[in-house]
Structure formats: C-alpha cells, structure tokens
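# Close look at the chain arrangement
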Amino acid sequence: MIQTVIFDMDGVIVDTEPVHHYAYFQQFSELNIKVTEEMFTSFMGFSTRNTFQKLKELFPLDHEVEDLIQQKRTIFNDAFDNKKDLELLEGVEKLIKDLHSNGMQLIVASSASKVTIDRVFTRFNLHPYFSHIVSGEDFPNSKPHPAIFEFAADLSIAPKENCIVIEDSTNGIIAAKAAGIFCVGYNSVNSKLQDLSKADIIINHFDELNFEKILQY
C-alpha cells in the first residue's frame, strides 16, 4: 500500500519552467554562448550546478561554476518576484490537500535549489503539507542519477516499495525507475519534448489522481 508520494516541483507542482528558461537564456546571451533549445531540453532535471558544469565542458567559459549559479539565481529571482501570474498547476493543490488530509506522507524532491524551493513553497503556502524537502543542490549528480530519489525514499515512513514519484521529465522518470520506485509520468504542457514512456503510468491531468487511486498502485 502506498504511504508516501514524492513530488518533483518544476513542471509538476508549479510551472516555473518559463521563468527558468528566461533566466538561463538571458544569461546565455550575456555570456555570448549559443545554446539550442534541443540542448537546453536535454538539461531538464539537471541541477543548476550540473547544468553549468556541462556548459563549461561544451563552451569556453572561464567563469567559476559558483559565480554562474549566483548570476542565474539573481536573474531568476527578479523574474520570479515580478511574475504576478505564476500559479500552481491545475489540480495539483487539490491533490496535495486530498493526500495530506488522508494521512499520506508528502516529500518534494526537486533539482531546484533550496532557495528556489522555499520561494515557491512560501508563495503558495505549501510547507504545512510536506514532511521533507530534498534539493538537487545537495547531490553531486543530477537526475537521471537516482541519488535524489533514493535519499527521498530513505526519508519515507515506509519502504520504497510503498512510495511513488510524480515526474514530468525524461531524466526524472529515469532517475525514479533507477531508484526502484513506481513512477507516475505527468504529461504537462512543458513535457511535449520529454519522453515519458518509461513511467509506470502516464496522466494528462491531476484530476486522474486521488488518494483512493494512489492506494491501488
């Protein structure tokens, strides 16, 4: 019986992908490097640190990774604070409250930094519903490496066989499956270029999930 639901954040709980996209490409322009959309899509699920480590392999960047991270974070935070129409993805708040009210443990495991996760959780008052927040910045390897989900499962009140992960990216789904956890692929508006085929099931809207259905997985 499922006792813990592990949520990705970007593209699952809140649609911050356009803000990240803007921040990254603004920075790419300032760095005078040409990153294609295809290349950027392949970074989905990466932490900011791993993204810039990869970019330093691909482009002649003399900047320190930490400086690049701070530069991107500044651009992102400014854009995030000024984006008044940022909302939770349709149906996810109802699902979170339904699961929590029925005693399901909720954990977020996101490639985002702790600062970004906290900004989102504070803005939408999500802290009361989640027992743990796991950030990708604490792991040397990003998704598709399973470390973040293995760690999240270790925080669960149940063995990983009684956990599920909700993900919207190719790398995230590969990471969840590599960790040996049942994975729900969320086919969001931002998942069109993502391969969700390795997920155990695929949903198109959060109305397709509730406490009773998740207990059956």
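We now turn to the structure provided with this report. Position numbers for residues start from 1 in each chain and track the written sequence from start to end. Local features in a predicted model are, by the rule used here, given only for residues with pLDDT of at least 70; side-chain atom pairs are given and counted only at 80 or more, and totals for whole chains, interfaces and linings are based on all residues. Neither water nor hydrogens contribute to the side-chain values; these are computed over all heavy atoms in the structure.

### Concerning the environment of S156
The helix count covers DSSP runs of H or I at least four residues long, the strand count covers runs of E at least two residues long, and both are numbered beginning at the N terminus. Within the secondary structure, S156 sits in the loop between α7 (147-154) and β4 (163-167). When its relative accessible area of 12% is taken as the criterion, S156 is described as buried. Separated by 151 residues in sequence, S156 and V5 place their C-alpha atoms 8.9 Å apart. In this scheme, a residue with accessible area under 20% of its type's maximum is buried, one over 50% is exposed, and one in between is partly exposed, where area comes from a 1.4 Å probe on protein chains only.

### A few points about the sheet that holds β4
Between any two strands, at least two bridges found by DSSP are needed for them to pair. With respect to topology, six strands assemble into an open sheet ordered β3-β2-β1-β4-β5-β6, the strand pairing being parallel. Edge positions in the sheet fall to β3 (132-135) and β6 (201-203), since each of these pairs with one other strand and no more. Averaged over all neighbouring strand pairs, the angle between strand axes comes to 25 degrees, with direction disregarded. Sheet topology places β4 next to strand β5 (residues 182-186); four bridges connect them, and they run parallel. Its bridge partner being in β5, V165 is matched across the sheet by C183. Here, two residues are considered to be in contact whenever any of their heavy atoms come within 4.5 Å of each other. Between N-to-C directions, angles span 0 to 180 degrees; the directions come from axes that are lines fitted to C-alpha atoms, helices contributing only their stretch in contact. Where α7 meets the sheet, it contacts β1 (4-7), β2 (105-110), β3 and β4, and its direction lies at approximately 160 degrees from that of β2. Along the sheet, helix α8 (residues 170-178) makes contact with β4 and β5, crossing β5 at roughly 170 degrees.

### Some details on unusual backbone geometry
Cis geometry marks the peptide bond from K143 to P144; its omega dihedral reads 20 degrees. Relative to the elements of secondary structure, P144 occurs in the loop between β3 and α7. Residues other than glycine seldom take positive phi values, yet N32 does so here, at roughly 60 degrees. Positive phi outside glycine occurs at N125, with the angle close to 55 degrees. If you trace the backbone, N125 turns up in the loop between α6 (114-123) and β3.

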